[in-house]
2 protein chains.
Amino acid sequence: MGRWEPNAPGRLAVAALDLYIERGFEQTTVAEIAARAGVTERTFFRHFADKREVLFDGSSGLVEFLADETAAASPDASPIEAVQHALEEAAERFFEQRADFARKRQRVLAANPPLAERELMKLTTFAAAMAGALRERGATATVAEMAAEAGMVALRVAFGRWADGDDENLVPLLREAFAELRTVFDS
Amino acid sequence: MGRWEPNAPGRLAVAALDLYIERGFEQTTVAEIAARAGVTERTFFRHFADKREVLFDGSSGLVEFLADETAAASPDASPIEAVQHALEEAAERFFEQRADFARKRQRVLAANPPLAERELMKLTTFAAAMAGALRERGATATVAEMAAEAGMVALRVAFGRWADGDDENLVPLLREAFAELRTVFDS
């Protein structure tokens, strides 16, 4: 194997996810992941700090993206509409591009409570980033926090359906989830 | 010190919280907590598995209580109204009874990300319990999940204000938070 490995991070991620599903996250070693991807352990550690990071890589880019897209929503958009806009953009530009990865990842998280905990914390940082952007759009701190966190409720529902089903697109599921969330508050 | 120590768990909890705030959670030992409470380490371990459990003790009782109160809400109540009812009952019967403890606990969690993670997971079990009760009241799985999780958003806002302020009662803050959450979905 040469020193230059095209798309090593991508192949490592696929290998890792497959092994986490086949053998369990705890039982899988970095050596096994590297071997499955056809690279050295050293290559693994050039791209990921540890085997957990394979699952959480790339979320810092998403935090910024969500803040930017919340800020970029139409000036007429209400806070919850701005959040919906940002999540739809993220669905299209991040998740739908990596549907297979996202679905496998979801299975691994569901089977490993400590990873699910870490995921919850990650969603909290997404909500905080959108809340910050909403405050800059003029929302009060409370409305900003509530709209961002309510948005995460819709995202979790939509994402769960997408991960469990075989819809190609996440965006329509996200729209549907936001519509359902609105009905919860109709009275 | 005698073999019978009145309210040892209560005294241990107060001692632990005070030490976690004074010295930090990580830096505090069980020996120090026991000494501050005037009991032996053995007494500590009769009541708590470890120093983390001091902070999370009692939450299983609350899970059942929330499910029961969700079920007991007026038959006319919508899912989100049933959730609000259950949380108001919990505020009155659990949190307001232990205001000083709840406030100190909140400071400790805010200063310790791993404890805050655990708290998030705990809130998820509360939401799941209420969602289960809502399904039994006839709500769809999605509406049940959304109403319960939206309720947790209101609870977190209300609880944060209560913990940071000096209001005696949590219930009015909870009502206010639910009203604000409704305005997020007015359009």
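Residues numbered from 1 in each chain as written. Chains lettered and ligands numbered in written order. Predicted model: local features only at pLDDT ≥ 70, side-chain atom pairs only at ≥ 80, totals over all residues. Heavy atoms only, no water.

### A look at the packing of aromatic side chains
Here is step 1 of the chain: Using the criterion set out here, one finds 13 aromatic pairs over all chains in the structure.
Here is step 2 of the chain: Summarising the aromatic geometry, the rings of tyrosine 20 of chain B and phenylalanine 25 of chain B are spaced 4.8 Å apart at their centres and angled 75 degrees between planes, so their arrangement reads as edge-to-face.
Here is step 3 of the chain: We classify tyrosine 20 of chain B as buried; its relative accessible area is 3%.
Here is step 4 of the chain: A centroid spacing of 5.5 Å and a plane angle of 70 degrees characterise the contact between phenylalanine 159 of chain B and tryptophan 162 of chain B, whose relative ring orientation is edge-to-face. Linking phenylalanine 159 of chain B with tryptophan 162 of chain B, this pair stays in helix H9 (residues 141–164), spanning 3 residues, or about one helical turn.
Here is step 5 of the chain: Assessed through its relative accessible area of 9%, phenylalanine 159 of chain B is described here as buried.
Here is step 6 of the chain: A relative accessible area of 0% means that tryptophan 162 of chain B is categorised as buried.
Here is step 7 of the chain: One aromatic cluster in this structure is built from Phe44, Phe45 and Phe48 of chain A. (Phe/Tyr/Trp six-rings, centres within 6.5 Å; stacked < 30°, edge-to-face > 60°. Buried < 20%, exposed > 50% of the residue type's maximum accessible area, 1.4 Å probe, protein only. Helix = DSSP H or I, 4+ residues; strand = E, 2+ residues; numbered from the N terminus.)

### Some thoughts on the packing of helix H9 (residues 141–164) of chain A against helix H10 (residues 171–184) of chain B
Here is step 1 of the chain: Between H9 of chain A and H10 of chain B, the shortest axis-to-axis distance is 10 Å and the interhelical angle comes to 70 degrees. For the element pair H9 of chain A / H10 of chain B, the angle class is roughly perpendicular. The way H9 of chain A lies across H10 of chain B gives a crossing that is right-handed. Together, Thr142, Val143, Met146 and Ala147 of chain A of H9 of chain A and Ala177, Glu180, Leu181 and Val184 of chain B of H10 of chain B make up the contact between the two elements.
Here is step 2 of the chain: Class assignment for the residues of the contact of H9 of chain A with H10 of chain B results in 6 nonpolar, 1 polar and 1 charged. (Axes fitted to C-alpha atoms, helices over the stretch in contact; angles between N-to-C directions. Parallel < 35°, antiparallel > 145°, perpendicular 65-115°, else oblique. Left-handed = near helix turned anticlockwise from the far one by under 90°. Contact = heavy atoms within 4.5 Å. Nonpolar A, V, L, I, M, F, W, Y, C, P; charged D, E, K, R; others polar.)

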